[in-house]
Amino acid sequence: MPEVKSEFLKGTLDMLILKIVALGPIHGYAISQRIQQISRDYFQVQQGSLYPALHRLENRCWLAAEWKATDTGREAKFYSLTKKGRKQLEAEVATWERISDAVALILRTAE
Amino acid sequence: MRWLFRLFRKRKLDAQLDSELRFHVEQQTADNIAAGIPPAEARRRALAQFGGLESRKEEAREARGTQFLESLFQDMRYGMRMLLKNRGVTLLAVCALALGIGANAAIFSVADALLLRPEPFPNLGRLALMYNKVGTLTDENSLLAPDYEAIRTQSRSFEQVAASTGVDANLAGQGEPERVQAAKVTPNFFNVLGVQPAFGRGFTAEEGTPGHDAEVILSYGLWQSKFAGDAVIIGKQTHINGRSYTVVGVMGKDFEYPMATDLWEPLAFTAKDLTDREDNYLFPVGLLKRGVSVGQAAAELRGIGSELAKEYPKSNANVSIRVVPFRTYATDEITHNFMLLLLAAVAFVLLIACANVANLQLARVAGREREIAVRAAMGATRRRVMRQLLTESVILALAGAAFGLLLAGWAVNLLVSYIPPQISQYVAGWNRIALDWRALVYTVAIAVLAGILAGLAPAVGSSKPDITGMLKDGGRSGGGRRSHRLRSVLVVAEVAVSLVLLVGAGLMVKGFLALLDAQEKFSPQSLLTMNIALPKDKYDEQAKRAQFYQQALTNMNAIPGVESASVATAVPNSDLQSYHPYTGEGVPFTENAGHVALAESISPNYFRTLRLPLLRGREFSDADGPNSQRVAIISRSMAARYWPGESAIGKRIKHGEPNSKTPWLTIVGIVGDVKYNAYFPVDAAVYVPYAQSADMNAEFLLRTKGDPLSFVPSVRAKVANGDPEQPIYEAKTLAQLTREELIGISFIATMMAALGLIALVLASSGVYGVMAQAVTERTHEIGVRLALGAEPAQVLRWIAGRGICLAGIGLGIGLAIAFVLARLLASLVYGVSATDPLIFVVVPALLAIVALAACYIPARRAMRVDPMVALRYE
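Residues numbered from 1 in each chain as written. Chains lettered and ligands numbered in written order. Predicted model: local features only at pLDDT ≥ 70, side-chain atom pairs only at ≥ 80, totals over all residues. Heavy atoms only, no water.

Q: Any chance you could explain the overall build of chain B here in plain terms?
A: Counting its secondary structure elements, chain B contains 29 helices and 22 strands. A compact globule built from 874 residues should have a C-alpha radius of gyration of about 29 Å, whereas chain B, at 37 Å, is more than 25% larger. Expressed as lengths along the three principal axes of its C-alpha atoms, the size of chain B is roughly 130 × 75 × 55 Å. Buried residues in chain B amount to 50% of all 874 residues. Contacts spanning at least 24 positions in sequence make up 81% of the contacts within chain B whose residues lie at least 6 apart. Accessible surface, chain B: about 39,900 Å² in total, of which carbon and sulfur atoms supply 60%. Taken as two groups, the 89 positive and 78 negative side-chain charges of chain B have centres that lie 11 Å from each other. (Helix = DSSP H or I, 4+ residues; strand = E, 2+ residues; numbered from the N terminus. Rg over C-alpha atoms; globule rule 2.2 N^0.38 Å. Buried < 20%, exposed > 50% of the residue type's maximum accessible area, 1.4 Å probe, protein only. Contact = heavy atoms within 4.5 Å. Areas by Shrake-Rupley, 256 points an atom, 1.4 Å probe, with all protein chains shown as cover. Lys, Arg positive; Asp, Glu negative; His and termini not counted. Charge placed at Lys NZ, Arg CZ, Asp CG, Glu CD.)

Q: What's the story with the overall build of chain A in this structure? I'm lost.
A: Looking only at helices and strands, chain A has four helices and three strands in total. Along its sequence from the N terminus, chain A presents helices and strands in the succession α-β-α-α-β-β-α. A separation of at least 24 residues holds for 51% of the contacts in chain A among residues at least 6 apart in sequence. Carbon and sulfur atoms provide 55% of the accessible area of chain A, an area that totals close to 6,800 Å².

Q: Please clarify how the packing of helix 26 (residues 779–787) of chain B against helix 27 (residues 792–828) of chain B should be interpreted in this entry.
A: To characterise two packed helices, one gives the angle between the axes of the helices and the distance between these axes. Residues and elements named next belong to chain B. Where helix 26 meets helix 27, the axes come as close as 10 Å, and the angle between the chain directions of the two elements is 145 degrees. Viewed along their axes, helix 26 and helix 27 form a crossing whose handedness is right-handed. In contact with Glu 781, Ile 782, Arg 785 and Leu 786 of helix 26, helix 27 contributes Pro 792, Val 795, Trp 798 and Ile 799. Across the contact of helix 26 with helix 27, the residue classes break down as six nonpolar, no polar and two charged. (Axes fitted to C-alpha atoms, helices over the stretch in contact; angles between N-to-C directions. Left-handed = near helix turned anticlockwise from the far one by under 90°. Nonpolar A, V, L, I, M, F, W, Y, C, P; charged D, E, K, R; others polar.)

Q: For this particular structure, what's the right way to read the pattern of salt bridges?
A: Side chains that differ in charge, positive against negative, can pair when their charged atoms come close. According to the stated counting rule, one finds 25 salt bridges over all chains in the structure shown. The partner of Arg 56 of chain A in a salt bridge is Asp 14 of chain A, with the nearest N and O atoms 3.0 Å apart. Linking Arg 56 of chain A in helix 3 (residues 47–59) with Asp 14 of chain A in helix 1 (residues 6–22), this pair joins segments that are 42 residues apart in sequence. Residue Asp 14 of chain A is classed as buried on the basis of its relative accessible area of 8%. Several salt bridges share partner residues, and in doing so they unite Glu 58 and Lys 77 of chain A together with Glu 20 of chain B into one network. (Salt bridge = Lys/Arg side-chain N within 4 Å of Asp/Glu carboxyl O.)

Q: Please clarify how helix 6 (residues 87–116) of chain B should be interpreted in this entry.
A: Structural remark: α-helix, 3.6 residues per turn; residues separated by three or four positions point the same way. With 30 residues, helix 6 of chain B extends 40 Å between its outermost C-alpha atoms, agreeing within 8% with the 44 Å of an ideal straight helix rising 1.5 Å per residue. Counting buried positions along helix 6 of chain B gives 22 out of 30 residues, so the element sits mostly inside the fold. (Expected span 1.5 Å × (residues − 1).)

Q: Looking at this model, I keep getting lost on the sheet that holds strand 3 (residues 75–81) of chain A. Mind explaining?
A: To summarise the sheet geometry, strands pair through backbone hydrogen bonds and adopt either a parallel or an antiparallel arrangement. Read across the open sheet, the three strands follow the order 1-3-2 (chain A); overall the sheet is antiparallel. A single partner strand is all that each edge strand has here, and the edge strands are strand 1 (26–27) and strand 2 (63–69) of chain A. Lying over the sheet, helix 2 (residues 10–34) of chain B contacts strand 1, strand 2 and strand 3 of chain A, oriented at roughly 100 degrees with respect to strand 3 of chain A. (Pairing = 2+ DSSP bridges.)

Q: How should I be thinking about the environment of Ile 748 of chain B in this particular structure?
A: Residue and element names in this part refer to chain B. You can see Ile 748 is positioned in helix 25 (residues 743–777). Overall, Ile 748 belongs to the buried group, its relative accessible area being 2%. Expressed as a C-alpha distance, the spacing of Ile 748 and Val 509, which sit 239 residues apart in the sequence, is 8.8 Å. Setting aside chain neighbours within four positions, we find Ile 748 in contact with Phe 338, Leu 341, Leu 342 and Met 508.

Q: How do you make sense of the sheet that holds strand 21 (residues 697–704) of chain B when you look at a structure like this?
A: Residues and elements named next belong to chain B. Spatially, four strands are ordered 13-21-12-22 in an open sheet, and the strand pairing comes out antiparallel. Bordering the open sheet on either side are strand 13 (562–568) and strand 22 (729–733), each of which pairs with just one other strand. Strand after strand, the sheet turns through a mean of 15 degrees between neighbouring axes, direction not considered. Against the sheet, helix 20 (residues 542–557) touches strand 12 (527–533), strand 13 and strand 21, its axis set at about 165 degrees to strand 13. Set on the sheet, helix 24 (residues 734–741) makes contact with strand 12 and strand 22; between it and strand 22 the angle comes to about 105 degrees.

Q: Looking at this structure, I do not really get the nonpolar core. What am I missing?
A: The tendency in soluble globular proteins is for nonpolar side chains to be buried as a group. Residue and element names in this part refer to chain B. Counting residues in each nonpolar core, the largest one holds 95 residues, and the members touching the most others are Leu 342, Val 503, Leu 507, Met 508, Ile 748 and Met 752. Per element, the largest residue contribution to this core is 17 residues, and it comes from helix 25. Excluding residues that lie within four positions of it along the chain, Met 508 makes contacts with Leu 341, Ile 748, Ala 749, Met 752, Leu 825, Val 829 and Val 832. Among the nonpolar cores identified, the runner-up in size contains 43 residues, and Tyr 579, Ala 632, Trp 643 and Ala 685 belong to it. (Core = buried A, V, L, I, M, F, W, Y, C linked by side-chain atoms within 4.5 Å.)

Q: Got a minute to help me understand the pairing of strand 7 (residues 237–240) of chain B in this structure?
A: Within a regular strand, the side chains alternate between the two sheet faces. Residues and elements named next belong to chain B. Burial of the side chains of strand 7 is restricted to one face: Thr 238 and Ile 240 are buried, whereas none of Gln 237 and His 239 on the reverse face is. As defined by bridge partners, strand 3 (residues 158–172) adjoins strand 7 across two bridges and the pair is classed as antiparallel. In the strand pairing of strand 7, Leu 171 is matched with Ile 240. As judged from the four bridges shared by strand 7 and strand 8 (residues 243–250), these two strands associate in the antiparallel manner.

By themselves these figures say nothing about function.
This is how it looks when you write it as structure tokens:
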């Protein structure tokens with residue numbers, strides 16, 4: 001599995017986290033597992049990037065956190081998307097799509 | 001906001017973070033076990049995958065955003081622990097800083113009160129004063145009433161214009177009749193200043209009209225002293241100058257404009273007043289419109305002034321109207337310069353204190369190199385280490401500031417009592433000197449600055465440690481090359497700066513003593529002086545005035561015990577001096593201070609009374625009367641200036657500029673120079689006999705046997721004989737007058753001397769500290785030398801030699817700078833010479849001796865070192 005460069009990942013990592021959390025309240029470990037699963041193992045998020053990113057997103061009020069009991073009885077911190085976060089996600093997705101369209105265009109014409 | 005919460009709930013948040021990350025690892029472990037990996041291995045893999053738990057936590061914490069403040073608190077706690085561990089050094093540093101910062105706080109409160117807010121008017125920024133400038137005279141003259149009216153009606157720059165004039169008043173009906181200082185002001189006066197009486201009210205417009213102006217507003221001081229702080233004073237009657245006035249208001253405690261005024265009356269112009277072009281007596285003050293600058297107003301008023309000059313050439317020909325910001329009233333250039341001098345001096349003292357502390361810190365940090373290396377090895381960034389060291393210094397500085405404020409409080413009390421109230425009432429803002437919140441803010445600010453400055457050297461010097469070298473066992477402590485060089489530079493700087501300060505202080509003290517001394521040749525303790533002001537209406541003619549003086553002097557000379565009684569316009573160090581231009585016949589006239597001289601109208605025995613010898617020609621006699629040739633006697637420097645190399649006897653001069661119509665005076669005598677004024681360096685004087693030209697304001701000078709003050713009642717009686725309504729004021733000995741006049745300079749000189757002393761103490765302790773440190777560091781080396789057979793005396797010379805060398809360099813640099821700055825000082829203060837050999841030799845010698853002692857004493861310890869002990873010392 002290639003180790004994706006963290007700089008590239010940082011910007012998009014936020015977006016990916018927001019997307020995953022949008023599907024429902026979820027804790028940190030599950031987020032990292034989910035990213036790995038959904039991307040078909042392409043992105044193996046360095047744990048070092050994940051928690052700082054989660055706390056950063058929480059700082060900016062895009063994620064809200066709550067301590068709930070898991071099925072094993074242990075307490076864990078569950079994140080959910082706030083309204084601001086939802087708006088941010090939409091904005092970032094739109095930007096991403098525009099970027100990827102533009103890149104695709106350039107690549108095609110450069111051939 | 002949430003950010004703030006996060007700061008305070010640090011522990012809880014940390015626990016949560018810990019729990020969250022642990023949960024992650026546990027889940028990963030569980031998954032690994034589920035995938036078939038044995039438990040121990042599962043956990044190890046999970047941890048490895050996660051990366052170091054602590055560093056993950058650190059990263060997450062950083063994302064929280066409160067990192068900076070938390071680490072700052074951590075630095076502070078650590079710094080305090082370090083400081084307390086080494087109490088001796090910390091105490092020294094705190095003392096040095098307390099002295100430096102405290103001195104600054106004290107001087108700041110003086111400068112603040114005198115320079116920044118001399119008068120507590122809300123409109124201060126927009127207030128402007130107007131005065132007349134006549135020809136090339138430097139005096140600020142009052143305006144004619146019609147001119148004031150013209151300004152008031154024509155000027156567009158001001159929202160409102162008011163005016164005041166000072167008069168003396170006899171206050172009767174409250175116990176003893178008393179002479180008080182009164183001011184007649186236009187009704188809008190208080191509105192323009194933006195000040196309201198503390199009780200009662202200001203004047204109404206109606207009260208500014210003749211016949212309705214029998215109201216008075218008292219000053220707070222007068223209300224307390226003369227009216228016993230009567231709570232129902234408003235509406236009561238009082239008698240001023242024989243007329244009955246109603247008290248309508250009392251001003252607040254701080255209000256004193258014009259200075260030292262006891263009561264205010266309304267100024268009521270009659271129609272005749274407004275066309276009177278003979279008497280000028282008004283000092284207008286204007287409230288500028290918003291957005292109009294003083295410069296613009298000045299230009300406008302210059303225009304109005306020239307129009308008036310054209311229209312009324314007889315009264316206004318040479319007159320121009322000037323506008324200045326109100327501030328300049330309260331603080332003249334001299335006070336301003338003196339204050340700047342003190343501020344500069346005290347800043348130097350602080351720099352010396354900082355250098356001291358920097359050296360102490362360098363020494364202290366040198367002992368901690370190992371600890372810093374360990375921290376660097378554990379991942380502390382250079383910035384972090386620097387920040388920690390700086391934080392320590394700032395804590396030191398703030399502690400020093402706390403003690404410094406205590407010192408400053410005590411010092412300010414001492415300062416304020418230096419100038420007695422009867423003089424300080426004329427120094428604007430003096431009674432407002434206090435250690436208030438502004439001084440507090442200033443103190444904290446310079447403390448932080450000083451801390452950073454002092455901490456910069458050790459912080460920069462040691463934040464790049466030689467990690468491997470230090471961590472090795474036996475790594476040598478004691479500071480690298482850089483640290484040593486830095487310490488040497490600081491010591492040299494300290495010595496240089498303190499030399500400059502001491503030389504400055506020495507020059508000022510000497511200058512002040514010289515000024516005092518200049519009067520000694522007149523034996524001022526046996527001279528009595530007093531002022532007299534002849535009222536205009538009674539003594540409008542020269543003959544009447546001359547007759548009054550003659551009568552008074554004859555009477556006074558008859559008093560037993562009076563050796564001689566004379567009169568002059570102004571005695572040395574009096575306030576009544578006025579300087580005028582004089583034109584010499586056949587001498588080209590230049591419009592600068594070079595052709596200005598003190599104008600004196602005297603009795604023939606004035607020089608004899610003063611004991612000022614005649615150098616050439618003759619003195620005045622009774623033969624010089626109103627019908628004989630107009631004569632003058634001039635001072636030596638004036639003769640030298642106008643007719644260098646030849647005798648001035650027989651030459652002629654006249655009062656005023658070349659085109660003035662005053663009569664030519666023939667010079668019949670030349671006398672020595674007298675230092676009439678400590679602040680105005682012109683020794684030239686022109687004397688005329690009062691029989692030919694007498695002044696309205698004059699001063700009597702009497703030489704008495706015994707205490708001059710005991711003669712005051714009889715003198716008063718004699719004057720009353722001649723004119724029962726003519727009081728005399730301000731009777732004091734010439735010695736007293738001189739002392740009072742020079743009190744400003746003496747204050748500054750004393751301050752400078754005190755600062756110089758503090759600088760000396762700081763610098764010498766700085767040198768001592770560095771030398772002691774050097775001895776400690778070199779103990780090993782000393783042991784080696786002694787063991788190898790060196791004589792103790794040789795070792796002493798070697799150790800002390802370096803310190804002496806540094807001190808010598810410092811003295812040299814300091815001397816050079818002192819030469820340059822002395823020139824500046826001499827231009828600031830009259831009487832201070834820029835090249836006084838005594839000071840320039842004695843002061844460096846003194847400092848050299850002190851520095852020598854500071855090097856010698858610790859070096860002697862080096863001699864006593866037991867070589868065996870030293871060799872084992874690391």
